[in-house]
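Inside the fold
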Amino acid sequence: MAWQVNVPLNLLVDNLYQPRQEEDPEHIRELAESIKAEGLLQVPAGRLLHPDTRNWMPLDEALEMAGVKPVEVTEETWRYLFQKGVTVQLAFGHSRAKAIRTLRAESCWNHDGMPVNILDMDDQSMFRAAITENLARKDLTPIEEAAAMQRAREELGMTSEAVGALFGVSDSAVRGKVRLLNLPENFKTSLAAGKMSEGAAREVLAVLDMPENVAKQNPIQEALNAAAEGSITAEKLRDTVGRVLSWGGDILDMSKAEWKWDQPFEGENIRSAQCKGCPLMFQHDKKTFCTDRVCFIAKERAVRLAYLEKASAVSGVPIFSKDDSSEAAAHPSYDMGSQFGYDFKVTERIIQSRCENLRLVYDHYNNDGHSQKPEYVDGFPAAKILCQKRNGFCTCMKAKQEGVEIEPGEDGVTEEQLKAARLEIMERKRRYGQVNNDLRERAVLALTDAMLEDRAEVWKLIANRVGIYPGSKDNAAKQWRQMIAEKVFDNNVFSITWESQPQKYLDTVNQFLREAAGLPGFDFTFAEEEDEPAAETAPQGKTLIEVFAEEEAEE
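Residues numbered from 1 in each chain as written. Predicted model: local features only at pLDDT ≥ 70, side-chain atom pairs only at ≥ 80, totals over all residues. Heavy atoms only, no water.

Now for the pairing of strand β3 (residues 45-49). The buried fraction of β3 amounts to 5 of the 5 residues, a majority that puts the element mostly inside the structure. Two strands pair when backbone bridges link them, and β3 and strand β4 (residues 87-92) are joined in this way by 5 bridges, in the antiparallel orientation. Across the sheet, residue L49 finds its bridge partner in β4, namely T87. The sheet contact formed by β3 and strand β5 (residues 113-119) spans 2 bridges and is parallel. Residue pairing in the sheet places A45 in a bridge with N117 of β5. (Buried < 20%, exposed > 50% of the residue type's maximum accessible area, 1.4 Å probe, protein only. Helix = DSSP H or I, 4+ residues; strand = E, 2+ residues; numbered from the N terminus. Pairing = 2+ DSSP bridges.)

What follows covers unusual backbone geometry. If you check the backbone angles, D285 has positive phi at about 50° while not being a glycine. In this structure, D285 sits in the loop between β7 (281-284) and β8 (287-290). At D454, a position not held by glycine, the phi torsion is positive, near 60°. Tracing the sequence through the fold places D454 in the loop between α19 (415-452) and α20 (456-465).

Below, the discussion takes up the sheet that holds strand β11 (residues 380-387). The 3 strands lie next to each other as β9-β11-β10, forming an open sheet whose pairing is antiparallel. Bordering the open sheet on either side are β9 (358-362) and β10 (376-377), each of which pairs with just one other strand. As paired elements, β9 and β11 share 5 bridges and run antiparallel to each other. Bridging from a neighbouring strand, L360 pairs with I385 of β11. Across the sheet, helix α14 (residues 293-315) touches β9, β10 and β11, and the angle it forms with β11 is around 70°. (Contact = heavy atoms within 4.5 Å. Axes fitted to C-alpha atoms, helices over the stretch in contact; angles between N-to-C directions.)

For the structure on display, the rule yields 24 salt bridges. A salt bridge links R455 to E453; its shortest N-O distance comes to 3.8 Å. In this structure, R455 and E457 form a salt bridge, with 3.8 Å as the shortest nitrogen-oxygen distance. E457 gets classed as exposed once you look at its relative accessible area, which sits at 54%. (Salt bridge = Lys/Arg side-chain N within 4 Å of Asp/Glu carboxyl O.)

Quick look at the environment of L119 now. Take L119: it is sitting in strand β5. According to the relative accessible area criterion, L119 is partly exposed, its value standing at 28%. Placed 117 residues apart in sequence, L119 and A2 show a C-alpha to C-alpha distance of 5.0 Å. L119 has contacts with M1, A2, A45, G46, R47 and L59, leaving out every residue within four places of it along the chain.

The structure is reproduced here in structure tokens:
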């Protein structure tokens, strides 16, 4: 049954499930003008509400109150019901009702009420009508949609799948949309106003789900503030958070964990027996992170120690350190391969010697087994054998470097062999030192003779060593010597410039020549009324420049 009834404006009640929380005044104004010009083109629908309970009042019950049958319903029937306190709850058409109230206030609507199609509609029907109407207009904000979906699930008992079918989205999209209601009010306001995108809002939720010590970091806080203002995209917010997470520190990527998340642990610094379900873990951009570095490192060490214990049982090589062997694994001075120039045969011989200084370390760089070098234990690609003595103290390594052979016996290398090898190394170094010192003396004499012979190549070599690089210029020995002298002079008399007073400059030059070079210096005097000095031994009236010119002519 359905009747179109002219309902007084004061008896119209909004739909309880109306999702739109705010009306656009401009839209109401435009709608009022349209109704004023063309009339009400689409009649809203609604249902009756009981005068006492304000709940849905079926039409059969209303007609029974009026004492009429369906075929006997007239306008008087509705006036009677309205006088008894029955009201009409709109299923849709709220904007039209507000537009007509506006026209009525402006004396542009000549009716007492608004026509409404009265139907029998339960709560779910009212909800569907309100949602369908608003979705058709496409003017619901994400927050309004989320609130409507939540009410449908909580108040009407609808499943996420049923709600999704009504909104035209998946059930997972419904759950994701409802989560928007968990946003702080400033983000809700920004999202409702269209300043912030729905994608950015989801990224904000992901950040708010993180542990506080992560979310409170300055770059993330700055990005959140920008999101609230609508000045950052979802992608930029995600990138900013990802960059902070990639810094490491106390935030650890669980994809690098060398154990299963449900593996039980116990011991010192183990704060959570299993990683699975730990509240200090969180997800971001499909990655899982841990914020308890102490617990993470403790579990990592426990796993690596257990791994090395198995490798030690197979190889017979003791473990380097039960605390942490990663430093030794990465240090080149412990590594046999790098010390022996990656001569694998030598490395194999030392390992076979079962030297008492051999130790096992965990090399996480090779846990995938990409390296097949002999210092890795068979079946344990991350178990690396090295010498616990650094290259400066390892007899095996020094023997290899000096060419001293050490042949292991059935019981490996004995202490007597190592002692003999050390003596041989010392003797070789002594002999090598004598030979090398003799070679040095001969080379120095050869250079000295070449300097005395004024060989231009040697003076060029010396000039280059003191920082003179005149390119490919081919100079005579005298020119090279002069450039060297200029370099030495300039490097020592650097604090006095050409613009200094002549007497001050002369004093500095003489100090350098006499104290540093052992030369007599210059005995010049300066005439009081002249800018140029005169030589004491020169004829009266000759200047320093004239003296220099005469000396150059004599040479």
